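Residue-level structure breakdown
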Amino acid sequence: MFIETRGNDGQRDVKVEFSYAIMNPSASFGGLYVPENLPKIDLEFLKKATKKSYKQITLDVLELFNIDIEKSVLEEAVSLYDNFDEKENPVPLVQIKNNLFVNELYHGPTRAFKDMALQPFGHILSHVAQKQKQNYLILAATSGDTGPATLDTFANKENIKVACLYPNGGTSDVQRLQMVTEEGKNLKVIGIEGNFDDAQNALKTLLASQTFKDELEKSNIKLSAANSVNFGRIIFQIIYHIFAYVSLLKQNRLSLGEKFYQIVPSGNFGNALGAYYAKKMGLPIEKILIASNINNILTDLITKGEYDLRNRELLMTTSPAMDILISSNVERVLFDKYGASRCKEIMEELKEKKHYSLSSEELTELQKDFSAVYCDDDFAKETIKEFANENYIMDPHTATCLKAYNELRDKDIPSVLCSTAEWTKFAPTMLNAIKSDKVTYCDKEALEGISRSLHVEIPECISSLFDKEILHNEVVDKHDIESKILEFIK
Ligand SMILES: *Cc1c(COP(=O)(O)O)cnc(C)c1O
């Protein structure tokens with residue numbers, strides 16, 4: 001069962017099932033749903049897992065959670081991992097240095113790690129909607145990776161329509177093309193005049209608008225969101241951390257029960273939360289090392305116990321998926337560490353005063369599981385170049401992890417860093433890094449430039465984007481979003 005991070009308001013059920021939590025993700029007082037208890041995995045589980053496939057381990061972990069979704073539906077959902085590059089090995093673990101490994105989470109259809117969770121989640125969500133005989137409109141706002149992954153998973157799914165908002169000019173060409181060429185009668189992609197904050201604010205306004213909900217009701221449609229705070233996504237983000245350990249065991253990099261560092265490039269903290277839950281469940285993680293860019297709000301929280309939005313503005317970096325100041329999933333860790341009433345107090349303080357401070361005991365508690373450091377774009381680019389020279393290509397988000405690797409470890413044990421996107425999604429930055437220049441390349445020439453310099457192929461799903469028909473070419477003022485969506489619904 002699932003309970004709420006800010007306690008119960010007396011209007012909602014105190015405990016809900018998984019299917020309820022994923023269809024209605026906002027809990028009392030604006031909180032989130034969290035599992036009442038986390039299941040345990042022991043060394044025996046991990047030992048047996050070395051003989052199992054990624055899909056089977058996923059099903060085993062889901063079974064421990066005992067959620068209210070039929071086994072056959074879960075099996076269909078995880079079979080979507082068969083569409084990843086290597087059917088038998090959807091998440092390769094690659095050694096790049098003596099004791100440093102990369103967990104490549106981007107081998108899915110849209111080339112970013114969002115597919116790891118959104119692929120199976122989309123299947124489950126559509127199944128629950130069909131079972132309820134209810135139609136849903138899923139709203140998404142994206143700075144680049146969530147949009148393509150959301151559209152891909154829901155394309156042509158029953159009982160689901162998707163409206164996806166992106167900032168026109170605010171994504172890479174590849175990311176935009178992935179969205180505007182996506183086929184599916186149930187999909188609407190809308191560019192808006194403005195930045196990601198404008199897109200996100202428009203989405204929040206619609207989610208909260210009663211008149212919008214009433215209009216949808218007339219067409220018998222309910223509103224929901226598939227953003228990264230949905231527990232239906234988080235549950236799938238626990239598994240690849242477990243699988244990384246299983247891969248280390250299989251490759252004889254450590255023996256059963258020995259610990260490792262998990263390094264996570266973080267934005268909204270979904271990926272890191274998955275690692276935290278895995279650790280609590282019993283995965284031998286020494287510590288979770290959080291990597292940020294210069295939007296270093298998470299580093300401040302974890303090193304100083306301060307979360308301070310005053311006098312801060314969002315800075316644009318070459319790791320845009322981590323350009324975030326309100327990191328939503330941190331709330332679940334705060335709840336887990338300090339309980340519902342303190343969590344509610346902290347979140348209200350953040351809303352009203354734009355900052356909060358942890359007590360020194362609370363900070364000590366947080367630092368038992370997490371360390372953090374941030375890097376700037378120059379560091380990321382130098383890192384990309386250094387590894388490219390040694391024949392490993394990593395994207396700008398993944399590169400931020402090397403700073404954490406260099407500075408935050410105090411034991412010589414294996415480290416696994418999460419690689420969250422393929423280089424092809426950020427080709428202009430990649431080419432700037434490799435050539436040490438500051439030229440403004442367009443995506444197509446940058447893709448070709450990297451392909452030539454590093455002798456790598458551009459995957460077909462990326463190169464073919466440039467020849468596809470544009471199916472969604474609307475770019476609207478933010479005041480016209482609501483009417484555009486209603487037009488689409490009707
Ligand atoms: C979404 C994303 C992140 C941030 O992940 P969170 O779970 O939000 O912390 C990092 N890198 C890439 C490429 C992403 O798409």
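Residues numbered from 1 in each chain as written. Predicted model: local features only at pLDDT ≥ 70, side-chain atom pairs only at ≥ 80, totals over all residues. Heavy atoms only, no water.

What about the sheet that holds strand β5 (residues 135-141)?
Reading across from one edge, β8-β5-β6-β7-β15 is the order of the five strands in this open sheet, with parallel pairing throughout. Edge positions in the sheet fall to β8 (221-225) and β15 (475-476), since each of these pairs with one other strand and no more. Bridging between strand β7 (residues 187-192) and β15 involves two bridges; their strand directions are parallel. Across the sheet, residue Ile192 finds its bridge partner in β15, namely Val476. Contacts from helix α7 (residues 173-180) reach β6 (160-167) and β7 within the one sheet, and its direction differs from that of β6 by about 155 degrees. In this fold helix α22 (residues 481-489) packs onto β5, β6, β7, β8 and β15, with an angle of close to 165 degrees to the strand it touches most, β7. (Pairing = 2+ DSSP bridges. Helix = DSSP H or I, 4+ residues; strand = E, 2+ residues; numbered from the N terminus. Contact = heavy atoms within 4.5 Å. Axes fitted to C-alpha atoms, helices over the stretch in contact; angles between N-to-C directions.)

Examining helix α19 (residues 427-435)
Among the nine residues that make up α19, eight are buried, leaving the element largely enclosed by the rest of the structure. If you check which residues of α19 are buried, you get Ala427, Pro428, Thr429, Met430, Leu431, Asn432, Ala433 and Ile434. Ser436, located one to two residues past α19, shows a positive phi value of around 50 degrees. (Buried < 20%, exposed > 50% of the residue type's maximum accessible area, 1.4 Å probe, protein only.)

Description of the side chain of Glu104
Secondary-structure assignment places Glu104 in strand β4 (residues 100-104). This buried residue, Glu104, is left without a salt bridge; Arg111 holds the nearest opposite charge, at 8.4 Å. A distance of 3.4 Å separates polar atoms of two side chains, one belonging to Glu104 and the other to Tyr106. Here His107 takes part through its side chain, which lies 2.8 Å from a polar atom of the side chain of Glu104. (Lys, Arg positive; Asp, Glu negative; His and termini not counted. Salt bridge = Lys/Arg side-chain N within 4 Å of Asp/Glu carboxyl O. Polar contact = N/O pair within 3.5 Å; in protein donor to acceptor, adjacent residues only side chain to side chain.)

Re the site of the ligand
Lining the immediate surroundings of the ligand are 15 residues, of which Lys114, Asp145, Gly267, Asn268 and Thr420 lie closest. Within the backbone of Asn268, an N or O atom sits 2.8 Å from an oxygen atom of the ligand. Backbone polar atom of Gly270 to an oxygen atom of the ligand: 3.1 Å apart, as the coordinates give it. Classifying every residue of the shell around the ligand by side-chain character gives six nonpolar, seven polar and two charged. (Near = heavy atom within 4 Å. Nonpolar A, V, L, I, M, F, W, Y, C, P; charged D, E, K, R; others polar.)

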